[in-house]
Amino acid sequence: MAEKILTTENVRLYYGEKEALHGINLDYDKFGITALIGPSGSGKSTYLRALNRMHDLTDNVTVNGTFLFKGQDIYAPSTDTVELRKDIGMVFQQPNPFPFSIYDNVAFGMRISGEKNKAVLDEMVETSLKQAAIWNEVKDDLHKSALSLSGGQQQRVSIARALATSPEILLLDEPTAALDPVSAHAVENTLMQLRDKLTMIIVTHSMAQASRISDRTAFFMNGDLIEANDTKKIFLDPDKKETQDYISGRFG
Ligand SMILES: Nc1ncnc2c1ncn2[C@@H]1O[C@H](COP(=O)(O)OP(=O)(O)OP(=O)(O)O)[C@@H](O)[C@H]1O
């Protein structure tokens, strides 16, 4: 059996008194893409953000359950969340480059970690931009502002910035929802090229996207995980009626 890189058990999350996740059990093989799908408000983003403790930054959120990254308790008091978010990186819906050059954006995380050696930084910036499939488009303009790029290019620079800290898991919250179709396609291609090197968990509203790029799909509804399985099985022959109704467009 493939090695599990991440396991989550009985995840319950409360916004104040309100329970938004009702005991989610889901685990992840090393490498590949898992899509989280489900209607608006079903808890996909809430669950995703729990995986690298993004809720720590918000008041009034309580997270219960077991979260193990390579066997280590993500929520242990001793966990350094800055280190954790290097291992489990995140890419958001809106491309969010900092208002600096492309180079400085990608080098950011390494500099925070204290790396000053220019040759090391140069190499990692190049490798990360290549992995994010944008090197050829920007290699002659590395000192140009990242804000001068198109939305799709900015999103691939955001992916390169996340890759530059050598994460093992990348969380992506609707990473193509704000992009035009051509840019969205470029970002999807980037993710597919990374599937042999990285474990990716992507929230998407696009059923077409989930079926195109993911290996596994998990269907959420009303704060519950209804089912998770190989993507082909979910889209061709789901076990649960709710899943069938959702993927055939009957609601959501
Ligand atoms: N900061 C918050 N405070 C209170 N309730 C919240 C907060 N964020 C989300 N919720 C609630 O938690 C539930 C799950 O929301 P969440 O955003 O995780 O769903 P989602 O499936 O990602 O939705 P969408 O697809 O629309 O992004 C919803 O009922 C939502 O209203």
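Residues numbered from 1 in each chain as written. Predicted model: local features only at pLDDT ≥ 70, side-chain atom pairs only at ≥ 80, totals over all residues. Heavy atoms only, no water.

(A) Highlighting the overall build of the protein chain. Tallying secondary structure elements over the protein chain gives ten helices and ten strands in all. Since a compact globule built from 252 residues should have a radius of gyration of about 18 Å, the 18 Å found for the protein chain is in line with a globular shape. Seen through its principal axes, the protein chain has C-alpha atoms that stretch 55 × 40 × 35 Å. Counting across all 252 residues of the protein chain, residues that qualify as buried make up 48%. Excluding contacts between residues fewer than 6 apart, the proportion of contacts in the protein chain whose partners are at least 24 apart in sequence is 67%. Total accessible area computed for the protein chain in this model is approximately 11800 Å², and 49% of it derives from carbon and sulfur atoms. Where the 27 positive side-chain charges of the protein chain centre and where its 34 negative ones centre are 2 Å apart. (Helix = DSSP H or I, 4+ residues; strand = E, 2+ residues; numbered from the N terminus. Rg over C-alpha atoms; globule rule 2.2 N^0.38 Å. Buried < 20%, exposed > 50% of the residue type's maximum accessible area, 1.4 Å probe, protein only. Contact = heavy atoms within 4.5 Å. Areas by Shrake-Rupley, 256 points an atom, 1.4 Å probe, with all protein chains shown as cover. Lys, Arg positive; Asp, Glu negative; His and termini not counted. Charge placed at Lys NZ, Arg CZ, Asp CG, Glu CD.)

(B) Spatial organisation of the pairing of strand E7 (residues 169-173). Of all five residues that make up E7, five are buried, and the element is covered over most of its length. The two faces of E7 match: Ile169, Leu171 and Asp173 on one face and Leu170 and Leu172 on the other face are all buried. In the sheet, E7 pairs with strand E8 (residues 199-203) via five bridges, with the strands oriented parallel. Bridging across to E8, Asp173 finds its partner in Val203. The parallel pair E7 and E8 is bridged by helix H7 (residues 181-194), and the resulting crossover is right-handed. (Pairing = 2+ DSSP bridges. Right-handed = clockwise from strand over helix to strand, strands pointing away.)

(C) Fine view of the site of the ligand. Looking at the ligand, there are 13 residues lining it, with Lys18, Ser40, Lys44, Thr46 and His205 nearest. Between the ligand and Lys18, the relevant distance is 2.8 Å, taken from an oxygen atom to a side-chain nitrogen or oxygen of the residue. Residue Lys44 places a side-chain N or O atom 2.7 Å away from an oxygen atom belonging to the ligand. For the ligand, whose free accessible area comes to 630 Å², the fraction covered by protein is 60%. Elements supplying a minimum of two residues to the shell around the ligand: strand E2 (18-29) and helix H1 (44-50). Here the residues of the shell around the ligand are counted per class, giving three nonpolar, seven polar and three charged. (Near = heavy atom within 4 Å. Polar contact = N/O pair within 3.5 Å; in protein donor to acceptor, adjacent residues only side chain to side chain. Nonpolar A, V, L, I, M, F, W, Y, C, P; charged D, E, K, R; others polar.)

(D) Spotlight on the sheet that holds strand E3 (residues 32-37). Read across the sheet, six strands follow the order E6-E7-E8-E3-E9-E10 without closing on themselves; strand pairing throughout is mixed. Strand pairing shows two members of the sheet lacking a second neighbour, strand E6 (88-91) and strand E10 (224-230), which therefore form its edges. Adjacent strand axes in the sheet meet at a mean angle of 20°, parallel and antiparallel pairs treated alike. Together, E6 and E7 form the strand contacts of helix H6 (residues 151-163), whose direction differs from that of E6 by roughly 170°. (Axes fitted to C-alpha atoms, helices over the stretch in contact; angles between N-to-C directions.)

(E) Seen up close, the packing of H6 against H7. Packing of H6 against H7 brings their axes to within 8 Å, and their N-to-C directions diverge by 25°. The angle between the axes of H6 and H7 places the two elements in the roughly parallel class. When you trace H6 past H7, the crossing you get is right-handed. Residues Gly152, Gln155, Arg156, Ile159 and Leu163 of H6 pack against Ser183, Ala186, Val187, Thr190, Leu191 and Leu194 of H7. Residue composition of the contact of H6 with H7, by class: six nonpolar, four polar and one charged. (Parallel < 35°, antiparallel > 145°, perpendicular 65-115°, else oblique. Left-handed = near helix turned anticlockwise from the far one by under 90°.)

(F) The nonpolar core, seen in detail. Among the nonpolar cores identified, the biggest contains 42 residues, and Ile102, Leu129, Ile159, Leu170, Leu191 and Met200 are the most heavily contacted of them. If near-sequence neighbours (up to four positions away) are discounted, Leu191 is found in contact with Ile33, Ile159, Leu172, Met200, Ile202 and Ile213. Formed by 28 residues, the second largest nonpolar core is a distinct cluster that contains Leu21, Ile24, Leu51 and Ile169. (Core = buried A, V, L, I, M, F, W, Y, C linked by side-chain atoms within 4.5 Å.)

(G) Structural view of unusual backbone geometry. Positive phi is not limited to glycine here, since Ser166 has a value of about 55°. The backbone of Asn222 shows a phi angle near 50°, a positive value even though the residue is not glycine. Tracing the sequence through the fold places Asn222 in the loop between strand E9 (216-221) and E10.

(H) Structural context of the UniProt feature "domain: ABC transporter" (unreviewed entry) in the protein chain. Using the residue numbers shown here, the UniProt feature "domain: ABC transporter" (unreviewed entry) corresponds to residues 6-247. The annotated region residues 6-247 carries 37% helix and 27% strand content, and the separation between its end C-alpha atoms amounts to 26 Å. (UniProt positions renumbered as here; feature names shortened; annotations may be inferred.)

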